[in-house]
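Residue strings, one per chain:
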Amino acid sequence: MMYKTLKEEIINCVIAPGTKITEEDLVKRFNQSRTPVRSVIARLETEGLLEVKPKCGTFVTKIDLKSIYDAMEIRIATEEKVFFDIIGKFKQEQFDILNKILDEQKDIIKMDSSINKSQLFYETDNRFHRTIFSFANKESVWFYLNEFMTPLNRARIMANLRKNESVEDIYELHLKICEYLKTNKPKRLFKVFEAHLRSGFTGLDDVAKEYPGYFTKEK
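Residues numbered from 1 in each chain as written. Predicted model: local features only at pLDDT ≥ 70, side-chain atom pairs only at ≥ 80, totals over all residues. Heavy atoms only, no water.

K.L.:
Pulling in residues and values, what's your account of the environment of Lys187?
P.N.:
Mapping Lys187 onto the fold places it in helix α10 (residues 186-199). Classification of Lys187 as exposed rests on a relative accessible area of 73%. With 103 residues separating them along the chain, Lys187 and Phe84 place their C-alpha atoms 9.9 Å apart. (Helix = DSSP H or I, 4+ residues; strand = E, 2+ residues; numbered from the N terminus. Buried < 20%, exposed > 50% of the residue type's maximum accessible area, 1.4 Å probe, protein only.)

This is the structure:
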């Protein structure tokens, strides 16, 4: 419970990058002894979400732009393989499921820019892609990939703080992904998917300038 809660709060920027975390606060908050608290800290440090600095304390790691772009290449290669496995095999009821998720996104993009909006859009975006993996019987691959994509996932929350038009562009690309899956056009599908994933991070450098305390200085 403590591990899952802290991890979600860090990824969703509820606990901002650079924030100091103390054992004392976690002991009081979760009503736990120091032993499980230290175990959780060690686990999150291994995953790159916390950094323990000797004589300084434990801090939420800042977002590393280089690791984001490296992770994105892995994500593209993996998901394109899933699309290749399922294109032309979709049923109408499966498209109906995806369209319900897209209807949720359509409502979210009307909201004012905020961390809450980013979290909501991020959740539906993940659900959209996880659902596609599940249709290919590759949901376990999605969960493994999602764990590995932690730097990417944190950045997506920040990226969604951009102007509303940018988030709407992502939604429009989701619509095209559904269209090309349904009409069995793999070349167009792969092209629009890569554009979708990369567009999700267009302007991230500008976000880093607006929130300099959340990102590492080196790219």
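K.L.:
Can you explain the nonpolar core? Please cite residues and give values.
P.N.:
In terms of nonpolar packing, the biggest core is built from 49 residues, with Phe83, Phe128, Ile132, Ile177, Leu181 and Phe215 touching the most fellow members. Contributing elements (two or more residues each) for this core: α4 (65-86), α5 (92-108), α6 (115-135), α7 (139-148), α8 (150-159), α9 (164-182), α10 and α11 (204-210). In contact with Phe83, other than residues within four places in its own chain, are Ile132, Ile177, Leu181, Leu189, Phe190 and Phe193. Tyr3, Leu6, Ile15 and Ile21 belong to the second largest nonpolar core, which has 15 residues in total. (Core = buried A, V, L, I, M, F, W, Y, C linked by side-chain atoms within 4.5 Å. Contact = heavy atoms within 4.5 Å.)

K.L.:
Help me get a handle on the packing of α6 against α7, residues and values and all.
P.N.:
α7 packs onto α6 with a crossing angle of 140° between their chain directions and a minimal axis gap of 7 Å. Considered as vectors, α6 and α7 are oriented oblique to each other. Where α6 abuts α7, its residues Asn126, His129, Arg130, Phe133 and Ser134 lie against Glu139, Val141, Trp142, Phe143, Leu145 and Asn146. Taken together, the residues that form the contact of α6 with α7 break down as five nonpolar, four polar and two charged. (Axes fitted to C-alpha atoms, helices over the stretch in contact; angles between N-to-C directions. Parallel < 35°, antiparallel > 145°, perpendicular 65-115°, else oblique. Nonpolar A, V, L, I, M, F, W, Y, C, P; charged D, E, K, R; others polar.)

K.L.:
Requested: an account of the pattern of salt bridges, with residues and values cited.
P.N.:
A complete count under the given rule lists 13 salt bridges for this structure. The partner of Arg29 in a salt bridge is Glu9, and the shortest N-O contact between them spans 2.6 Å. Of this pair, Arg29 sits in helix α2 (residues 23-30) while Glu9 sits in helix α1 (residues 2-11), and the two are 20 residues apart along the sequence. We classify Arg29 as partly exposed; its relative accessible area is 44%. (Salt bridge = Lys/Arg side-chain N within 4 Å of Asp/Glu carboxyl O.)

Shape is all these values report; function is a separate question.
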